[in-house]
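Descriptive structure summary
Here is how the chains run, residue by residue.
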Amino acid sequence: ELKVEQNPLFLSMQEGKNYTIYCNYSTTSDRLYWYRQDPGKSLESLFVLLSNGAVKQEGRLMASLDTKARLSTLHITAAVHDLSATYFCAGNFGNEKLTFGTGTRLTIIP
Amino acid sequence: DVKVTQSSRYLVKRTGEKVFLECVQDMDHENMFWYRQDPGLGLRLIYFSYDVKMKEKGDIPEGYSVSREKKERFSLILESASTNQTSMYLCASRWTGPGYSNQPQHFGDGTRLSIL
């Protein structure tokens, strides 16, 4: 059974600072996903990571995947208020069933 | 853009009622999913379907059933609603045709269901 753990669960950071959200998973995952959710809204897909060493970047967000360490990271560069949201990672193992982490609630303070 | 539409944003029902949550996607996706989202627990998969009339149990199927009579529509049914089924319910769909490996699941806006 695939288990996905994120940390931290809550993160409050100042604008302009850098930080990283960590996602550990328990067994080999075919794909690793990162999603963003704003309060009261749906989940928005950010990244799909397929292979070891994969790195994807979109604006101030960069995601990476280390399949040997069973670790994915979401790095935030020079945070701005608009990035305040809850971020989820999710993985799947051999089928279409996604297992989600519990989410990281990120608050960017001006 | 993919559009996943859930029939209600908010719904209030009573204990013991049979409740239907509807989801429609407009992109001819084969796979569709139902999740519930609860604080501190993240999203948990209830059921998913990879074709019309096909379904598979997710991690928490007890108390729920599903129906997929047409490719674009996936319904979640609470057979006899209970208070512990008060939650946010999210529907998703995913493309599994050519080039599918880097495709995410696309989510609807969710239905906040309260069982009184």
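Everything discussed here concerns the structure shown above.
Residues numbered from 1 in each chain as written. Chains lettered and ligands numbered in written order. Predicted model: local features only at pLDDT ≥ 70, side-chain atom pairs only at ≥ 80, totals over all residues. Heavy atoms only, no water.

1. So, the overall build of chain A
On a plain count of helices and strands, chain A comes out with 0 helices and 11 strands. Relative to the 2.2 N^0.38 estimate, which gives 13 Å for 110 residues, the radius of gyration of chain A is 13 Å and therefore close to what a compact globule would have. Every one of the 110 residues in chain A was classed for burial, and the buried ones make up 45%. Once local pairs closer than 6 in sequence are excluded, the contacts in chain A between residues at least 24 apart make up 54%. (Helix = DSSP H or I, 4+ residues; strand = E, 2+ residues; numbered from the N terminus. Rg over C-alpha atoms; globule rule 2.2 N^0.38 Å. Buried < 20%, exposed > 50% of the residue type's maximum accessible area, 1.4 Å probe, protein only. Contact = heavy atoms within 4.5 Å.)

2. Remarks on the state of the cysteines
Residues and elements named next belong to chain A. Evaluation of the coordinates by the stated rule reveals 2 disulfides over all chains. Covalent S-S linkage joins C23 and C89, the inter-sulfur distance amounting to 2.1 Å. Classification of the bridge connecting C23 and C89 rests on its S-S torsion, roughly 85°, and on that basis the disulfide is right-handed. With C23 in strand β3 (residues 19-25) and C89 in strand β9 (residues 85-92), this pair connects stretches of sequence that are 66 residues apart. (Disulfide = S-S within 2.5 Å.)

3. Brief notes about the interface of chain A and chain B
In this assembly, 17 residues from chain A lie in contact with 26 residues from chain B. Counting the contacts that link chain A with chain B gives 2 salt bridges. Here R94(B) makes a salt bridge to E96(A), at a shortest N to O gap of 2.8 Å. Scanning the region where chain A abuts chain B turns up 8 residue pairs in polar contact (both at pLDDT 80 or more). Of all the elements in the fold, those that place two or more residues in the side of chain A that touches chain B are β4 (31-37), β5 (43-49) and β10 (98-100) of chain A. (Salt bridge = Lys/Arg side-chain N within 4 Å of Asp/Glu carboxyl O. Polar contact = N/O pair within 3.5 Å; in protein donor to acceptor, adjacent residues only side chain to side chain.)

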